Amino acid sequence: MNTSPQTVSISRLKQLAPDITGYCIGDDFILMDVDGTDIEKSKSLLDLLKYPLRFDGVLCLYGIEGSLDVEINSVPYNIGPRNFFIYSPGNIVKMQESAESSILEVKFIFIAMSINFYSSLHLDLASLSQSSVRELDTPCITLDDKHLSIANDYYNLASKIIHSAIPSKREVIGALLSSIIYIARDALADNISESSNRPANSAIRLKRVFENFMLLVRENYTTERNMAFYADKMCLTPKYLSKL
C-alpha cells in the first residue's frame, strides 16, 4: 500500500472508517471511544492510523488505558492514561509499528473537528499545543485527579448530546468545547510547573530526525535536490524539515 501521507477530512474519514458515522455531528465533529478489544467498532479507525495522514482539522486523543505510540512529523510520542494529546492541522500523524502489537490493550477517546467548526469556536488549541511542545517537549497534557474528574464529566455530557435527538447538537457541543479550553490551559500550567526539574529530550528527537534526513540525502543527492522529496520520504512537511 502507498505510504505517502494522504490528507483526510471528517467526511473522508467516514468513508474510510464507516463505523465512526454514529459518533459524528455531520461532517463537523467526532467523539468516539476507541477500544482495541472491540474489533467490530474500532478496527477501521485503528487500521487507518497505521499509515501517515494529514487530517484537515483538529484531532485530540485522550488516553484511558494502555499506551499508544504515535509519530508527529516522524517525531515519536507516547500517549498513556490521563494524557490529552493535541494535533494541529497540517502535521502528519501515524501510529508507530511498535504500537500494533499492544493495540488490544489500548483504550482512548478520539475527538476530531473540521476546520470550519473549529474556526467558528474561536479556540486556540494550536497555541496550546505549541506551548506544550515548547515547555514540555510533547503535545500531551497530563491530567491530574482534579482535571480528570472534570474531563470525564465533559465527555459523558458530550456523548449524551451526540446520541440524543436534540436539533441543536452542533451549537451545544460548540459551547462545551469553548469552555473546556480553560480547563486544558489550567492543566498545562500545572504540567509546566511540575516539569521544571525534568531533563529535556527534544535535542535527542531532533538529532534522530536530522540523522534520518542526512541518510536520505546521502542515498539520493545525485538525483534529488528538492526539499519536498525528502520531506515526503520522512512523512514531514517541507516547512518543518527546512527549520531543522
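Report follows, based on the coordinates. Predicted, not measured: the structure shown is a model, and the values here were computed from it. (Residues numbered from 1 in each chain as written. Predicted model: local features only at pLDDT ≥ 70, side-chain atom pairs only at ≥ 80, totals over all residues. Heavy atoms only, no water.)

Section: the pairing of strand E6 (residues 68–72)
Where a strand is regular, its side chains alternate between the two sheet faces.
Working step 1: Side chains Leu-68, Val-70 and Ile-72 project from E6 onto a buried face, and the interleaved Asp-69 and Glu-71 project onto a face without burial.
Working step 2: Here E6 runs beside strand E7 (residues 75–79); their pairing, made up of five bridges, is antiparallel. What sits directly across from Glu-71, in E7, is Pro-76.
Working step 3: Linking E6 to E7, which pair antiparallel, is a turn of two residues; within it Asn-73 sits at a positive phi near 55 degrees.
Working step 4: In this sheet, strand E9 (residues 93–95) lies alongside E6 in antiparallel orientation, the contact comprising three bridges. Note that in E9 the partner of Glu-71 across the bridge is Lys-94. (Buried < 20%, exposed > 50% of the residue type's maximum accessible area, 1.4 Å probe, protein only. Helix = DSSP H or I, 4+ residues; strand = E, 2+ residues; numbered from the N terminus. Pairing = 2+ DSSP bridges.)

Re the packing of aromatic side chains
Working step 1: Considering all chains together, one arrives at one aromatic pair under this definition.
Working step 2: Between the aromatic rings of Phe-29 and Phe-117, the centroid separation amounts to 6.0 Å while the plane-to-plane angle is 70 degrees, which identifies the pairing as edge-to-face. Highlighted residues: Phe-29 in strand E3 (residues 29–35) and Phe-117 in helix H4 (residues 115–121), separated in sequence by 88 residues.
Working step 3: A residue is classified by how much of its surface remains accessible, and Phe-29, at 3% relative accessible area, is buried. (Phe/Tyr/Trp six-rings, centres within 6.5 Å; stacked < 30°, edge-to-face > 60°.)

As for the pattern of salt bridges
Working step 1: This model, assessed by the stated rule, comprises nine salt bridges.
Working step 2: Across the pair Lys-107 and Glu-65 runs a salt bridge whose closest N-O atoms are separated by 3.9 Å. A residue pair is termed long-range when its members are at least 10 positions apart, and Lys-107 in strand E10 (residues 107–114) and Glu-65 in strand E5 (residues 57–65) qualify at 42 residues.
Working step 3: The exposure class of Lys-107 is partly exposed, given its relative accessible area of 29%. (Salt bridge = Lys/Arg side-chain N within 4 Å of Asp/Glu carboxyl O.)

Some words on the sheet that holds strand E2 (residues 24–25)
Working step 1: The strand order E2-E3-E10-E5-E8-E11 describes an open sheet built from six strands, whose pairing is antiparallel. Edge strands, defined here as strands with exactly one partner in the open sheet, are E2 and strand E11 (140–142).
Working step 2: Relative to E10, E5 runs antiparallel, the two sharing eight bridges. Bridge assignment links Gly-63 to a residue of E10, and that residue is Phe-108.
Working step 3: Packed onto the sheet, helix H6 (residues 145–162) meets E2, E3, E5 and E10 and runs at close to 115 degrees relative to E3. (Contact = heavy atoms within 4.5 Å. Axes fitted to C-alpha atoms, helices over the stretch in contact; angles between N-to-C directions.)

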